[in-house]
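Inside the fold
What follows is the residue order along each chain.
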Amino acid sequence: MNRDQPEGTLVGASVGRREDPRLLTGRGRFTDDIRLPGMLYAAFVRATVAHATVTALDLSAVREVPGVVAAFDADDLKLGDITARLGRPASEFVPTSMPVLAHDRVRYAGEPLAVVVARDPYAAEDGIEAARVTYEARTAVTSDTQALAPGAPLVHDEAAANTLVDVSMFATEGIDEVFAGAHQVVRVESRTGRQNALPLETRGAVATWDDREQQLVLHTSTQVPHQVRTVAARCLGLDERAVRVMVPDMGGGFGLKCVVGREEIAVGAAALRMGRPVKWTEDRKDALTASFLAREQHYDVRAAFDAEGRILGLDTDLVCDMGAYSCYPFTAGIEPLMASAEMPGVYRVPAYRVRARAVTTNKAPTAPYRGVSRPQYVMVMERLFERAARELDLDPVEIRRRNLITEFPYTGVNNVTYDPGSYRESLDLCEATLREEGWYERRDEAAAEGRFLGIGYSCFSERTGYGSTAFAQRKMEVVPGFDISEVRMDTSGALTVTTGTMSHGQSHETTMAQIAADALGLALDKVRVHQGDTDRIVYGWGTFASRSIAVGGSAVRLAAAKLGEKLRLLAAHRWDVPTEEVSLAHGGVRHTDGERFLSHEELADVAYLKAHLLPEGVDPGLSATASFDVFNDGTFSNATHGVVVELHEGTGQVEILRYVCVEDCGVAINPQVVEGQCRGGIAQGIAGALFEQITYDEQGEPSATSFMDYKVPTALEIPDIGIQHLETPCAFTETGAKGAGEGGTIGAPAAVLNAVNDALRPTGVELNSTPVTPETVAHALTTHPLEHA
């Protein structure tokens, strides 16, 4: 080990992902890889209609199917409901309880009614086919428009007008006068398609009773193991100590797995009843139709501008179709409350009024999905600026420059304080890149040749590191925020780090180890990271909202720093010098004289094996625990995306020719990982902009039940993505890092849509909703053909 290696050489370095050798060679261990003696397999009887009273559920034939061991309905298992709440008055929020298994009523096609347990997965599937369910049909509510129509059927009897959330969080005094006196008022009405997060690994769970520990052990693919433990214990009537949740390797989540699902609770109940391990693996049809969905939102927004293109006011009415139930713990408020609180984004908006509603429909419930409303409201904001630029005859980039926040900290009209960022710098660099590459000239040349080529931008921020304060502002009954880390050094000087976050592809085994190793002067291979085990991890809120490095990484850094202080104390005692004269160095602790050095191993030897040499009052061992929370409005990453597209006549295909992302997530712990997050997020944003949508017929049946119907982009549709980094260190986190998990997804739909509209400019057609399909583009080009000079 090189004692002269510079300190701080790991944070900021693109070291190789430590997970890759295991995952890329097929040595990963996912939920479906778990095999236990005597294991049984579960499948779910699901509703075949979207809205009905259940008049009879007959499982007698199921139990006669060869290989079927048992079948349970709600009356058999008698489980508690899953209920998420906000601390808001009844006029603003209506809670809905989601039964683990539906009984007297079903509210969406695919809702689970019973669980079948068999000796193999095939017998379980045969068993669900034998179930007999009798329904008394009710009228299905299949859109937000229908849900809000006078006299509409009620999805939940307690939710009048099918409204679960109705808040008006901001209303600047005198805003009507602002609009009345504005030089220009523009309006955008936008809809975004319902999507599925589509992790490569679908949901799954394996439950077994550990008789020795008197625990239900639940292996499950979740981003929030401690929340699953809480809900499982409550629904099953157990102490939390009697439930252990363990998460093996996870093949993606994207928010879909940061809520508690019904199936994992039912599998736990079946295992308790059977006294044998029970496994459930979601198939892709159920994942597309019966799992948590997202994104279906409707905006009607006006913006007032002065003659120079400066925004004067914003008036927003937004409705989110949340499906049949609130998700736990975020509730149906997750999307409308996010959008209403943060919609002004990177722009100086002096007056703001918003009404935000969550409506319930007879569709699968909605959960957070990467970006959570920000891809939608950013798209609307960017369309407003594009339309205002057109009406005021201004350059689309210049009108953004005139309105971007440039002085920090900045407290917006939404009462959110933005920490320093590079809003103007990212826009300037993104535009300069496209200009220097000659795309503006190529656009002009294409127009002269009768081709449709367009350039589009999006500017946005991403609030990351949400702490308890930010979530409490939503009035959540369950308030996420803090995270806890423990670091423990053994007698060999190796370090074990625990984190309450949960990696599902973000490389926590690498980045958390980089943080801890740098703080203590350790080699990276001396650090091991543990996550996803509720018995091993003190407590944690899991991974969502780009919080892992900002919050969880800060807890790791603080815990490592505490341990570092103890190492310094031990060295100072050994040398009989003040602690001010010793410092952490690579491989151990060094005295200021440059001569004396104690390795981690030597110090650990004293801490564990020679406790009689410890200073008075110092406990044996080398461990430290720390928590971290963000007691302000959080921190904001930011970026500008620039896109060049060409529209092809006849087919209506949108071809992305160039994609540039200029991002600023503060200190990048591992730039390679950040770039991977950007590229993956952008791919999902492009998917929402151009391809993916789940629709329903009038009876509430979902149209996309396989990848034959649900259009997912492949590598052929995703372009090479150029990424440039700016760095504005964060003052509110221990590492200077901000979050980087969702920015790609947030910026892509707006940039792509703006580029499409720029290409369509000769036709006079303007599109404001996604996905933009080839049929839509082809119709625009054939109905409004370009007039050749």
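Below is a summary of the structure that appears in this document. (Residues numbered from 1 in each chain as written. Predicted model: local features only at pLDDT ≥ 70, side-chain atom pairs only at ≥ 80, totals over all residues. Heavy atoms only, no water.)

**Structural notes on the sheet that holds strand 17 (residues 352-359)**
Put simply, the rule reads: In this scheme, strands are said to pair when DSSP sees at least two bridges between them. Helix and strand assignments follow DSSP, with helices taken as H or I runs no shorter than four residues and strands as E runs no shorter than two, numbered in order from the N terminus. Simply put, an axis is a line fit to the C-alpha atoms, just over the touching stretch for a helix, and the angle between two N-to-C directions goes from 0 to 180 degrees. Whether two residues touch is decided by their heavy atoms; if any such pair falls within 4.5 Å, the residues are in contact.
Reading across from one edge, 9-17-16-15-10 is the order of the 5 strands in this open sheet, with mixed pairing throughout. Strands at the two margins of the open sheet, each flanked by one partner only, are strand 9 (163-171) and strand 10 (184-192). Taking each pair of neighbouring strands and ignoring which way they run, the sheet shows an average axis angle of 10 degrees. Note that strand 16 (residues 311-321) and strand 17 share 8 bridges and pair parallel. The partner of Val319 across the bridge, within strand 17, is Arg357. Helix 10 (residues 374-392) contacts strand 10, strand 15 (297-305) and strand 16 of the sheet and is inclined by roughly 145 degrees relative to strand 10.

**A look at the environment of Thr499**
Defined as follows: Throughout, exposure labels follow a simple rule: accessible area from a 1.4 Å probe, protein chains only, divided by the maximum for the residue type, with under 20% read as buried, over 50% as exposed, and the rest as partly exposed.
Within the element layout of this structure, Thr499 appears in strand 22 (residues 495-499). Taking relative accessible area as the criterion, Thr499 reaches 1% and is therefore assigned buried. As a C-alpha pair, Thr499 and Thr510 span 11 residues in sequence and 12 Å in three-dimensional space. Once residues lying within four places of it in the same chain are set aside, the contact partners of Thr499 are Ile484, Met512, Val529, His530, Gln531, Ile537 and Val556.

**So, the nonpolar core**
The nonpolar side chains of a soluble globular protein tend to be buried, and buried together. Quick note on the threshold: Residues enter a nonpolar core if they are buried and are Ala, Val, Leu, Ile, Met, Phe, Trp, Tyr or Cys, with the set joined through side-chain atoms within 4.5 Å.
Among the nonpolar cores identified, the biggest contains 170 residues, and Leu647 and Tyr659 are the most heavily contacted of them. Sort the elements by how many residues they give to this core and helix 10 lands first, with 10 residues. In this structure, Leu647 is in contact with Phe452, Gln653, Val654, Val756, Ala759, Leu760, Val777 and Leu781, ignoring residues within four places of it in sequence. With 44 residues, the next largest nonpolar core counts Ile515, Leu567, Leu598 and Val618 among its residues.

**So, the sheet that holds strand 25 (residues 588-591)**
Strand order in the open sheet made by the 3 strands is 24-25-26, with antiparallel pairing throughout. Only two strands of the sheet have a single neighbouring strand rather than two, namely strand 24 (582-585) and strand 26 (597-599). Across the sheet, the axes of successive neighbouring strands diverge by a mean angle of 25 degrees, strand direction being ignored. Each of strand 24, strand 25 and strand 26 touches helix 16 (residues 548-575); the most contacted strand, strand 24, lies at about 130 degrees to it.

**A few points about the packing of aromatic side chains**
Counted only if it meets this: We call Phe, Tyr and Trp rings a pair once their centres come within 6.5 Å, taking the six-membered ring for Trp, and we label the pair stacked below 30 degrees between planes, edge-to-face above 60, and tilted otherwise. Cation placement over rings: the criterion is NZ of Lys or CZ of Arg within 6 Å of the ring centroid and within 35° of the ring normal.
Counted by the stated rule, this structure contains 14 aromatic pairs. One aromatic cluster is present, formed by Phe330, Tyr466, Phe471 and Phe544 through successive ring pairs. Just above the ring of Phe179 sits the side chain of Arg302; from NZ or CZ to the centre is 4.2 Å. Arg547 extends its terminal NZ or CZ atom over the ring of Phe544, reaching a point 5.5 Å from the ring centre.

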